[in-house]
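Chains, contacts and geometry: an overview
Spelled out from the first residue to the last, the chains are:
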Amino acid sequence: MATSVSARDGGPPSPDAPPSRPRPARSEDAARRRGRLHRWDVKAAPYLFVSPFFLTFAAFGLFPLLYTGWLSLNRVELGGDPQWKGLENYTDLATSEFFWNALLNTFTIGVISTVPQLMMALGLAQLLNTKLRGRGFFRVAVLAPYATSIAAATLVFAQLFNTDYGLINSALGWAGLGPVDWESSKWPAQIAISVIVIWRWTGYNALIYLAAMQAVPHDLYEAAALDGATRWRQFVSVTIPSIRPTILFTIVVSTIGSTQLFGEPMLYGGSLGISGGSGNQYQTLSLLMYEKGWVTGALGQASAIAWVMLLLLLLLGAGRVLVARARARARRTKLEG
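Residues numbered from 1 in each chain as written. Predicted model: local features only at pLDDT ≥ 70, side-chain atom pairs only at ≥ 80, totals over all residues. Heavy atoms only, no water.

Examining the overall build of the protein
Scanning the protein for helices and strands turns up 15 helices and 2 strands. Relative to the 2.2 N^0.38 estimate, which gives 20 Å for 337 residues, the radius of gyration of the protein is 33 Å and therefore markedly larger than a compact globule would have. Expressed along its principal axes, the backbone C-alpha trace of the protein runs to roughly 125 × 75 × 50 Å. In the protein, which comprises 337 residues, the proportion classed as buried is 31%. Put simply, of all contacts in the protein between residues at least 6 apart along the chain, 63% involve residues at least 24 apart. On the protein, roughly 21,400 Å² of surface is accessible, and the fraction owed to carbon and sulfur atoms is 66%. (Helix = DSSP H or I, 4+ residues; strand = E, 2+ residues; numbered from the N terminus. Rg over C-alpha atoms; globule rule 2.2 N^0.38 Å. Buried < 20%, exposed > 50% of the residue type's maximum accessible area, 1.4 Å probe, protein only. Contact = heavy atoms within 4.5 Å. Areas by Shrake-Rupley, 256 points an atom, 1.4 Å probe, with all protein chains shown as cover.)

With respect to a positive patch on the surface
A surface patch of like charges, here positive, comprises R244, R325, R327, R329, R331 and R332. A total of 5 residues in the positive patch trace back to one element, the largest contributor, which is helix α15 (residues 299–336). Classification of R329 as partly exposed rests on a relative accessible area of 48%. (Patch = residues over 30% accessible without salt bridge, like charges linked within 9 Å, V, L, I, M, F, W, Y side chains within 5 Å. Salt bridge = Lys/Arg side-chain N within 4 Å of Asp/Glu carboxyl O. Lys, Arg positive; Asp, Glu negative; His and termini not counted. Charge placed at Lys NZ, Arg CZ, Asp CG, Glu CD.)

What about the layout of surface pockets?
Estimated volume of the largest pocket: approximately 450 Å³. Along the walls of the largest pocket sit 15 residues, with N129, T130, H218, Y221 and R231 positioned nearest its centre. Looking at the lining of the largest pocket, the elements with two or more residues in it are α9 (186–214), α10 (218–226) and α11 (231–242). Among the elements that take part in the lining of the largest pocket, α10 stands out by supplying 4 residues, more than any other. By residue class, the composition of the lining of the largest pocket is 4 nonpolar, 7 polar and 4 charged. (1 Å grid on protein atoms, 1.4 Å probe; cavity = no way out; pocket = protein on both sides within 12 Å on 5 of 7 lines; lining within 4 Å. Points joined across faces, edges and corners; volume = space filled by probe spheres on them. Nonpolar A, V, L, I, M, F, W, Y, C, P; charged D, E, K, R; others polar.)

Side note on the pattern of salt bridges
Scanning the entire structure with this criterion turns up 1 salt bridge. Between R75 and E77 there is a salt bridge, with the nearest N and O atoms lying 3.8 Å from each other. In this structure R75 comes out as partly exposed when scored by relative accessible area, which is 47%.

Some thoughts on helix α12 (residues 244–259)
Here α12 contains 16 residues, and its C-alpha end-to-end distance of 23 Å stays within 8% of the 22 Å for a straight helix at 1.5 Å per residue. Residues of α12 that are buried include every one of T246, I247, L248, T250, V252, S254, S258 and T259, and no others. (Expected span 1.5 Å × (residues − 1).)

What to know about the confidence of the model for the protein
On average, residues of the protein score 87 in pLDDT, and 92% of them reach the 70 mark or higher. Counting contacts from residues 1–10, a segment whose pLDDT is below 50, to residues more than four positions away or on other chains yields 6 contacts. (pLDDT = per-residue confidence, 0-100.)

Examining a nonpolar patch on the surface
A cluster of nonpolar residues, Y47, F49, V50, F53, F54, F57, L62, L65 and L66, forms a patch on the protein surface that exposes about 1,000 Å² of accessible area. By the element assignment, F57 lies in helix α2 (residues 25–71). Note on F57: relative accessible area 44%, which makes it partly exposed.

Some thoughts on the packing of helix α14 (residues 285–295) against α15
The N-to-C vectors of α14 and α15 enclose an angle of 160°; their axes lie 7 Å apart at closest approach. In terms of orientation, α14 lies roughly antiparallel with respect to α15. In this structure, α14 crosses over α15, and the sense of that crossing is left-handed. Touching L285, S286, L288, M289, K292 and G293 of α14 are L299, Q301, A302, I305, A306, M309 and L312, all from α15. (Axes fitted to C-alpha atoms, helices over the stretch in contact; angles between N-to-C directions. Parallel < 35°, antiparallel > 145°, perpendicular 65-115°, else oblique. Left-handed = near helix turned anticlockwise from the far one by under 90°.)

What to know about the side chain of N280
The residue N280 is located in the loop between α13 (263–268) and α14 in this model. Beyond its immediate sequence surroundings of up to four residues, N280 is in contact with F98, N101, N105 and S275.

Okay, structure coming up:
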């Protein structure tokens with residue numbers, strides 16, 4: 001008994017004491033399983049956290065994209081079965097005057113709306129970046145057009161540009177000029193639609209430019225002022241180069257938006273909006289795609305137009321990347337030389 005107690009107290013084990021039991025193999029297996037589960041948890045948990053996005057994108061983004069590409073290779077009517085046609089829908093677009101007219105209208109409306117819009121946004125951002133009284137109010141106010149619905153804004157501008165009783169023609173009459181057919185003429189109609197786009201998106205781009213301008217170090221302006229640079233010279237030589245990536249970003253985004261222009265021309269034309277006016281004078285690619293798909297029921301041709309729009313945007317993005325690489329290469333060459 002004493003020997004057993006001394007063994008429990010840390011003394012030498014008694015020869016009569018029973019041998020100690022080995023650790024069960026089951027506990028070692030459980031430890032190994034816990035270790036494997038821990039490693040799997042560390043590796044798989046990040047993918048589980050981001051999986052809802054990828055599942056949603058696959059269901060509502062990737063699948064519709066691939067399915068539209070498959071439809072573009074078939075002749076599909078509403079309520080009918082698809083018939084394989086290969087590239088026939090694309091070759092039909094290449095010989096369609098309506099497609100080329102819509103492509104040209106998309107380009108011209110995009111240029112007319114994007115260039116003045118970004119220039120005005122740049123000037124407005126520079127103004128809001130100065131010590132202007134009540135600039136907080138004006139920074140919020142410039143975003144009001146963006147918060148306005150497309151339908152409400154377009155209906156208001158359609159009344160302003162009305163040929164018979166619109167305020168724009170009335171102002172032209174007061175100035176001694178004749179009335180302009182803002183609805184049936186090609187260029188006046190495209191200018192009117194571009195004005196709606198400019199009014200809605202100028203403030204949005206101005207706030208993007210303002211955020212980029214506020215990130216420019218003030219030391220650059222102080223150094224330019226010590227060198228005798230005027231406010232205009234500081235804007236041209238300091239502000240513009242510093243926010244050039246942001247300017248390129250807005251150019252790309254605005255070009256994408258103009259390529260997908262749909263709501264403004266459709267609502268502006270009223271009953272003739274889907275066809276882009278009586279003579280298709282402002283029908284864009286998006287309107288042509290909608291007309292082909294849901295008016296004439298040619299879903300295969302509409303899908304082909306959608307894929308052509310996608311390819312145009314991909315070419316635009318590739319051109320943007322090439323320009324950025326060429327500029328970076330020129331900059332490195334200049335520094336090395």
